[in-house]
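Structural overview
Each chain, letter by letter, is given below.
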Amino acid sequence: MSDQTNNSVAFVRTEEVPSMPPPYTASGPVKWARDNLFSTPANSVLTIVALYVIYMILSGTMPWVLNGIWDSPSLSACREILDGKSGACFAVLTERWNQLLFGFKYPVDLYWRPTIAFVLFFFAAAPVLFFDLPRKLLIFTGLYPFIAFWLIWGGEIGTPITALIGVAVGYLVYSRLVASNFALGFFSGIAAAFVVWLVVGAVLPTGMIEEGSMRSVPSRDLGGFMLNMMLGVTCVSLSVPIGIALALGRQSDMPLIKYICVVFIEFIRGVPLITLLFVASVMLAYFFPPEATVDLFLRVVIMITLFSAAYIAEVVRGGLAALPKGQYEAADSLGLDYAQSMRLIILPQALKISIPGIVNVAVGLFKDTTLVSVISMFDLVGMIRGPILASTDWNGVYWELFGFAALLFFVVCYGISQYSQWLERRLATDHR
Amino acid sequence: MTTITDPPQGSFRLSMLLSDTRYRSLTLQAIAAICLALAIWYLGNNVAKNLAKLGLNIDFGFLGVPAGYDINQRLIEYTSQSTNLRAAFVGILNTLLVAFLACTLATIFGVLAGVLRLSNNWIVSKLMAVYVELFRNIPVLIWIVIIFTIMTAVLPGPRAFRGDEATASMLFDAFAFTNRGIYLPAPVWGAGSMVVVVTFLLSIVGVIGYRRYATKLLYDTGRMLPTFLPSLAIFFLPTILMFFIMGMPIGLEYPELKGFNFKGGIKIGGPLIAIWFALSIYTGAFIAENVRAGIQAVSKGQTEAAAALGLRSGRIMSLVVLPQALRVIIPPLISNYLNITKNSSLAILVGYADVTATLGGITLNQTGRAIECVLLLMLFYLVISLSISAVINVYNNAIKLKER
Amino acid sequence: MKKTVFLGALTVAGLAAGVAAAGTLDDVKARGKLNCGVTTGLVGFAAPDANGEWAGFDVSICRAVAAAVLGDPSAVEFVPTTGKTRFTALASGEIDMLARNTTWTFSRDVDLKFTFVGVNYYDGQGFMVPKDLGVSSAKELDGATVCIQTGTTTELNLADFFRSNNISYEPVPIETNAEAQQQYLAGACDVYTTDASGLAATRATFEAPADHVLLPEIISKEPLGPLVRHGDNEWGDVVRWTLNAMVTAEELGVTSANIAEMSAGTDNPEINRLLGTEGTLGEMLGLSADWGKNAIMAGGNYGEVFAKNIGEETPIGLARGLNAQWTNGGLLYSPPFR
């Protein structure tokens, strides 16, 4: 048979013909453009409209940006250099750079302190954000608040050390007692911490360092983007535990505790942050004992923390609700009590589900820290709307300053939201 | 019959309050109640002491006193001699107005951007991604200020319309876009205009009725009636006919430049436009993400199954994908509406007289009654939020997957 | 003074100051700093300069009080306040005195329980319009759009003025001066109204100040002055007489240039009493004998402070007008030092 086949065909090609390149319309950029940009008439129209929009935006802004002046002492000088041409006066950024970042009152020679605190922040946050890092690093995370406090506010080293000792003693007491009873351990831990603070606080010599590199800086002098960062970081980290407690309380089967939590959460979520800030600035002072004044910074931290705690509580509640009932039942059937089952079984899983949501709340909160400018705190936006625009030199510069603020926030928030998406993919253990 | 968990019968000991599950929750709640009472007492006591020390008192009497200031946009009658309470109501209505407008526009922006982001047109989907990321990652406060500044800088002032070498002109001699607002022609209702309006309303009812009938026919017999063109015809033709039959009773009053400003016509104030647009475009980015997530949440199998049944792509979207996607989209959508309402409290940045600007702004400044004003302000927002939350709950219950 | 545990913890953290409930004067002395409320930024009156130092007319009052009480004009903590927060800040004790171009009105004095210790600037609300609008009187402003900076008595005066003249207008309330000015320059309002001093300060920063005119009408009385809480008369006296000392110093010709020489003793007994070389005025106030000298040395007498911050030599360029000494036809008239 095979012979016949061989004989019946005059020519058999023995090697493969090199394949022809595909027609140019079916490959390369042309095909790509055809598939992605001009597949249907409607699509083509959309593409052209989109290109026109992009062209309009770029042609409007690019000359202005590229023509920008980076070095000039004031707006009028800058306008003189530009001589009627369109161009940005980025000089305001270079001239007021430090004020934009640190506020106008933070001592210039101490800028290195918040800068170090900022750099250390990444080391402290890393083990929380990336689970693969060695767990030992969490010790540094635990120490960080005290280091950062001392770096930013300065003053007696005794203050943060006292606080640290208190926390350490509290934790020690807690870890001793938690094996037998969580509640006992928890409350004794807190009590121990307070005892230490009061005792050491009474013994500690008072008086702030007024001179030198670690002299104390009052919190009124904080400002600029530093203030936004500090408010964001402090309030988010304080509100996570409060939020978890509120979420657990809302799930509780004790009606009184449940209703306290529900009322609190719904109340806070129902009002705009700005009214809470009004409370902080005009009302909260009346809630403290008459003989004490509490720093505006602290009052704002309290209100923002409560605000974000309510939102985080809702996120955590979602995580708790998403857990299959079997997990709760399994924990019960092992004979774990409430605290143990929550601590060892439920919360680790629920929190894992809630992390992206918590990160979203954190981004939202960080953006909302700009609202403090409305109550006369000089954060980044407050600096721009207040001292910089009010100064004779830079009266009338808007785009450059607000563009800069927008850029700064965009970089930070976009970074965090990319992290959140990465995390979501990492944590997606279900098959989809 | 006794099981092992049955508590031992016997005398009551004090330690049972904590260790016995029967009493523990009561004990804890009692402790919580005491703590709460103590906290309230402590704070209340501090407030009382502070106020007594300063000789101040909590008094809402200022609400009945003439406010003394004017408000540029008012939906109800208001003069500077009206009371502070009325000023607060003007503000409340303005808040509700801008919230309603912004919710509508934000939904349009969001749905458009969300759908376009899933478009297979590369450049459009990327452009939408840029839009979403840009607006989601920059504080709304900065956006409001930027958009307000852009609006005042780009649009011409009324002065630019004046004179021989006017640098700006009205669109069709009927629309004026100025940085103080947009002026539109206003309808003038002549005799018999009522008939036209009633006809118009009836034709809307007619369109709905026709659509119902078409759907019913489709379900009963499988026959499909054209819907688009007939609806259009029912919508417009009777009204237009009636308009001419009645002898064109509805005229238009065009805005005209008189004195400092345009007069006549309808004015949509600049501050309203700025805050409306800023809130819409900001929240639109969030809604776009919800819409995208909702559409993507509908599994591909649904689309494929619908295609296998022979449905056209438009019908797949409207009959199969969207109804399922809405279930995912609507709850976060409503919470975005809530956010719009709360963010509208930033209207003071653009000079829009919402409730934060009247009650929480000028009234507070002028009377100095900070505690009272802030309390009332929070109460108002709380009522709004709780009503919207109630709507969410009702909706969630209504769309709950009915498992069989 | 017994502190609660919570406050104890806060104080340990350095964020709360336990303030003894004694008089403000003792508090300030114990603290070593004067907490003075100022505006968030109004050039000429109170604004931080490029180096973050507060400067301005109101700021000088704060510095003078600090110098009188503590002997150090730099021992001031400036607390920026908005129109909303200023009264609470003062009432709750966050600040010891408020020097934030605040108008002395009946209701603020009586109802809100504050004591205005005097007037450091006699102001009035005015209007600014672009020159090419061709308006020469505020009464021609029928139908105009008016930009207002909120947070002062401005809104009320404006409403009263237009109502009493029976003409209409459209108010656009704006939060900050910078934003109001941007609106005005872009033509979003025809008129900008605020205190005449503020208008002058704002116009000074324009690209082309000559293109804008201030209308002749001054529609309100705005006596701006520092204020303190009701009920602490000792402290009120300190602030009141510090202000009076600055005014009197100008009247008597005591300047920061000749004060060193004059404090050695002069023939004028009132100068001697003012500077503490004669009599016991300082002791009566609970201050050191040279309190008046310190206050005047801080920034000079009233006239010097005026000239340096808002006077005709500065970009703001305000004439003395009503704020001249009574001997020059103005309203400044300090009670005698005796």
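Residues numbered from 1 in each chain as written. Chains lettered and ligands numbered in written order. Predicted model: local features only at pLDDT ≥ 70, side-chain atom pairs only at ≥ 80, totals over all residues.

Chain B appears in an unreviewed UniProt entry as Amino acid ABC transporter permease from Parasedimentitalea denitrificans. Of chain B, the UniProt comment under Sequence similarities (unreviewed entry) reads exactly: "Belongs to the binding-protein-dependent transport system permease family. HisMQ subfamily." (UniProt positions renumbered as here; feature names shortened; annotations may be inferred.)

The name recorded for chain A in an unreviewed UniProt entry is Amino acid ABC transporter permease, from Parasedimentitalea denitrificans. Checking UniProt for chain A, the heading Sequence similarities (unreviewed entry) contains the comment "Belongs to the binding-protein-dependent transport system permease family. HisMQ subfamily."

As a further point, take helix α14 (residues 302-309) of chain C. Residues and elements named next belong to chain C. Considered for burial, the residues of α14 that qualify are Y302, G303, V305, F306 and N309. Down the axis, α14 shows its buried residues gathered within 165° of arc, on one side only. In this structure, the buried residues of α14 make contact with α3 (57-70), α9 (233-252) and α13 (291-299). (Buried ≥ 20, exposed ≤ 12 C-beta atoms within 10 Å, placed from the backbone. Helix = DSSP H or I, 4+ residues; strand = E, 2+ residues; numbered from the N terminus. Arc of directions from axis to C-beta. Contact = placed C-beta atoms within 7 Å.)

In this section: the interface of chain C and chain B. Contact residues are listed per partner, giving 32 residues for chain C and 31 residues for chain B. Listing elements by their share of the side of chain C that touches chain B, those giving two or more residues are α4 (86-91), β10 (144-149), α6 (154-164), β11 (169-174) and α7 (177-185) of chain C. In terms of residues, the side of chain C that touches chain B owes the most to one element, β11 of chain C, which gives five residues. A breakdown of the residues in the side of chain C that touches chain B according to their chemical character gives twelve nonpolar, eleven polar and nine charged. (Nonpolar A, V, L, I, M, F, W, Y, C, P; charged D, E, K, R; others polar.)

Moving on: helix α9 (residues 158-177) of chain A. Residues and elements named next belong to chain A. Taking 1.5 Å as the rise per residue, α9 with 20 residues should run 28 Å; its terminal C-alpha atoms sit 28 Å apart, in good agreement. Three or more residues of α9 are buried, namely T159, P160, T162, A163, G166, G170 and V173. Buried residues of α9, seen end-on, are gathered within an arc of 160° and therefore sit on one face of the element. (Expected span 1.5 Å × (residues − 1).)

Attention now goes to the environment of A370 of chain B. Tracing the sequence through the fold places A370 of chain B in helix α12 (residues 370-399). Using a count of 26 C-beta atoms within 10 Å as the deciding quantity, one classes A370 of chain B as buried. Separated by 312 residues in sequence, A370 of chain B and I58 of chain B have C-alpha atoms that sit 9.7 Å apart. If near-sequence neighbours (up to four positions away) are discounted, A370 of chain B is found in contact with V282 and M283 of chain A, L364 of chain B together with T88 of chain C.

So, about the sheet that holds strand β12 (residues 191-195) of chain C. Residues and elements named next belong to chain C. An order of β11-β10-β12-β9-β13 is seen for the five strands of this open sheet, with the pairing classed as mixed. A strand with exactly one partner marks an edge of an open sheet, and here the two such strands are β11 and β13 (212-214). Taken pair by pair, the neighbouring strands of this sheet meet at an average axis angle of 25°, ignoring direction. Pairing analysis gives three bridges linking β10 to β12, with the strands arranged parallel. Looking at β12, one finds that C147 is bridged to Y192. (Pairing = 2+ DSSP bridges. Axes fitted to C-alpha atoms, helices over the stretch in contact; angles between N-to-C directions.)

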